[in-house]
Amino acid sequence: MAFSRFVLGTVQFGMDYGIANTQGKPSMERVKAILRCALNGGITALDTAAAYGDSEIVLGRALSELGVKDKFDVVTKIPSLEKSESPEGTIRASLEKSLKNLGMEHIPMALLHCEEDLQYLPLLEEQVKRGLIGAAGISIDSYAYADKVVDVPCVQVPCNLLDRRFNELIGKRTGRQTFIRSVYLQGLLMMPEEKIPENLRELIPYRRKLEALGMPLAELCVRYLFSMPGNVSVLTGVDTPEQLQMNIELADKGALPADIFNAALEAVPLLPERLIRPSLWNASR
């Protein structure tokens, strides 16, 4: 299955999300405006998850009210199976609940949300055979799993100007569907320097190097990821239609010139996960 090169993340539809988010969850009217903007901009893929508050419910209602369910390919995720006594049953129950929330009979793709559940990927793939989903894969977050998912056909990974952990994985397998998230590192790449939390201020010199390349940082963030090799879809969430329209316009500019792309790569080394992995930020305070 081919997904649009740009994917709209919908975690913001169901919960307050992102270090730079000051507006909270959008209203239903704003959600529908964002979806209309996405469709008009050629975005036909949406990313959600059972763990994103009521994102699936909000998304299902908005798509229904707009009458555009058949216009989008939805990717959802199975919550952690760590405490499940029956992983196969939990997977099926989760998918059935997601289908109900979304008001759909079939979901184009489902991913295991927790990398620790990789052993259960064959169970999720069984749901492809049963017709509940079109494809199966996994979302990973830590570098420790980079070598463990090389042969997985569908993966979601974080990647941005400051996070180079999965660059090699992204381009390693021809034909893999790779979703790249964390375009702006949860907004940190666009925050005013004075608002960057104390435990992350080590990142400021690297951000200054990127700013010195002479391209607006937002444009550099987006076009850098569209310069990645392979079958890549770039995923980002927004709080307003205006933010999404800006991202669409930046994406339409395409890949970076080779010299700027290489300069961006050279400006930032492989950084420690405590700085670039948001799930560790609170732990490092």
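These numbers come from a predicted model, not from an experiment.

**Section: the overall build of the chain**
From N to C terminus, the chain includes 11 helices and eight strands. For the chain, whose C-alpha radius of gyration is 18 Å, the value lies close to the compact-globule estimate of 19 Å for 285 residues. Overall, the chain is about 50 × 40 × 35 Å in size when its C-alpha atoms are taken along their principal axes. Taking all 285 residues of the chain together, 55% fall into the buried category.

**Details of the packing of helix H2 (residues 28-40) against helix H3 (residues 55-66)**
For the pair H2 and H3, the least separation of the axes is 10 Å and the interaxial angle reads 65°. What the angle tells us is that H2 and H3 run roughly perpendicular. For the crossing formed where H2 meets H3, the hand is right-handed. Residues Met28, Val31, Lys32, Leu35 and Arg36 of H2 form the contact with H3, whose participating residues are Val58, Leu59, Arg61, Ala62, Leu63, Glu65 and Leu66.

**Let's talk about the state of the cysteines**
Applying the stated criterion to the full structure yields zero disulfides. Sulfur of Cys154: no disulfide; nearest cysteine sulfur belongs to Cys114 and is 18 Å away. Classification of Cys154 as buried rests on a relative accessible area of 8%. The cysteine Cys159 is free of any disulfide, with Cys221 supplying the nearest cysteine sulfur at 11 Å. Taking the relative accessible area as the measure of exposure, Cys159 reaches 0% and is therefore buried.

**Topic: H3**
The end-to-end C-alpha separation of H3 is 16 Å, in line with the 16 Å expected for 12 residues at 1.5 Å each. Looking only at H3, the buried set comprises Ser55, Glu56, Val58, Leu59, Gly60, Ala62 and Leu63. Where the residues of H3 are buried, they touch helix H1 (11-14), H2, strand S2 (45-47), strand S3 (73-78) and helix H4 (87-102). Just past H3, the residue Gly67 takes up positive phi, approximately 70°.

**What to know about the pairing of strand S8 (residues 231-237)**
Counting buried residues in S8 gives five out of seven residues, a clear majority hidden from the surface. Bridging between strand S1 (residues 6-9) and S8 involves four bridges; their strand directions are parallel. Residue pairing across strands places Val7 opposite Leu235, the latter belonging to S8. Judged from the four bridges that link them, strand S7 (residues 177-181) and S8 form a sheet pairing that is parallel.

**Some remarks on the nonpolar core**
Among the nonpolar cores identified, the biggest contains 89 residues, and Leu8, Leu124 and Leu162 are the most heavily contacted of them. Ranked by residue count, the leading element in this core is helix H8 (residues 217-225), at seven residues. Judged by nonpolar contacts, the second largest core, of 10 residues, contains Phe3, Val75, Met109 and Leu235.

**A closer look at the pattern of salt bridges**
Enumeration according to the criterion identifies 18 salt bridges in this entry. Note that Glu96 is salt-bridged to Arg92, the shortest N-O span being 3.3 Å. Of the two residues, Glu96 and Arg92 both sit in helix H4, four residues apart, roughly one turn of that helix. Classification of Glu96 as partly exposed rests on a relative accessible area of 41%. In this structure, Asp141 and Arg277 form a salt bridge, with 2.6 Å as the shortest nitrogen-oxygen distance. Of this pair, Asp141 sits in the loop between strand S5 (136-139) and strand S6 (154-158) while Arg277 sits in the segment after helix H11 (273-276), and the two are 136 residues apart along the sequence. A relative accessible area of 14% places Arg277 in the buried class. Three or more residues are tied together by salt bridges with common partners; here these are Asp141, Asp163, Arg165, Arg181, Glu273 and Arg277.

**Re the environment of Leu189**
Its location among the elements puts Leu189 in the loop between S7 and helix H7 (204-211). Sequence separation between Leu189 and Ile204 is 15 residues; the distance between their C-alpha atoms is 9.2 Å. Setting aside residues up to four positions removed in sequence, Leu189 forms contacts with Asn160, Leu161, Leu162, Val183, Tyr184, Arg207, Leu217 and Cys221.

So, how was this worked out
The residue count restarts for each chain, going from 1 along the sequence in the order it is written. Whole-chain, interface and lining totals are the exception, using all residues; otherwise, since this is a predicted model, local features are given only for residues with pLDDT of at least 70 and side-chain atom pairs are given and counted only at 80 or more. Here the side-chain values reflect all heavy atoms present in the structure, with hydrogen atoms and water set aside. Secondary structure elements are taken from DSSP: a helix is a run of H or I of four residues or more, a strand is a run of E of two residues or more, and numbering for both begins at the N terminus. Note that the radius of gyration is over C-alpha atoms, with the globule rule given as 2.2 Å times the number of residues to the power 0.38. Note on classification: 1.4 Å probe, protein chains only; a residue is buried when its accessible area is under 20% of the maximum for its type, exposed when over 50%, partly exposed between these limits. Geometry is summarised by axes, namely lines fitted to C-alpha atoms with helices restricted to the contacting stretch, and by angles between N-to-C directions that run from 0 to 180 degrees. Just so you know how the angles are binned, under 35 degrees is roughly parallel, over 145 roughly antiparallel, 65 to 115 roughly perpendicular, and the rest oblique. Should the near helix be turned anticlockwise from the far one by less than a right angle, the crossing is termed left-handed; should it be turned clockwise, right-handed. Residue contacts are counted whenever heavy atoms from the two residues lie within 4.5 Å of one another. Whenever a pair of cysteine sulfur atoms sits within 2.5 Å, that pair is classed as a disulfide. The span you would expect from a helix comes to 1.5 Å times its residue count less one. At least two bridges found by DSSP between two strands are what make those strands a pair. Residue types Ala, Val, Leu, Ile, Met, Phe, Trp, Tyr and Cys, when buried and joined through side-chain atoms within 4.5 Å, form a set referred to as a nonpolar core. Any carboxyl oxygen of Asp or Glu that lies within 4 Å of a side-chain nitrogen of Lys or Arg is treated as forming a salt bridge with it.

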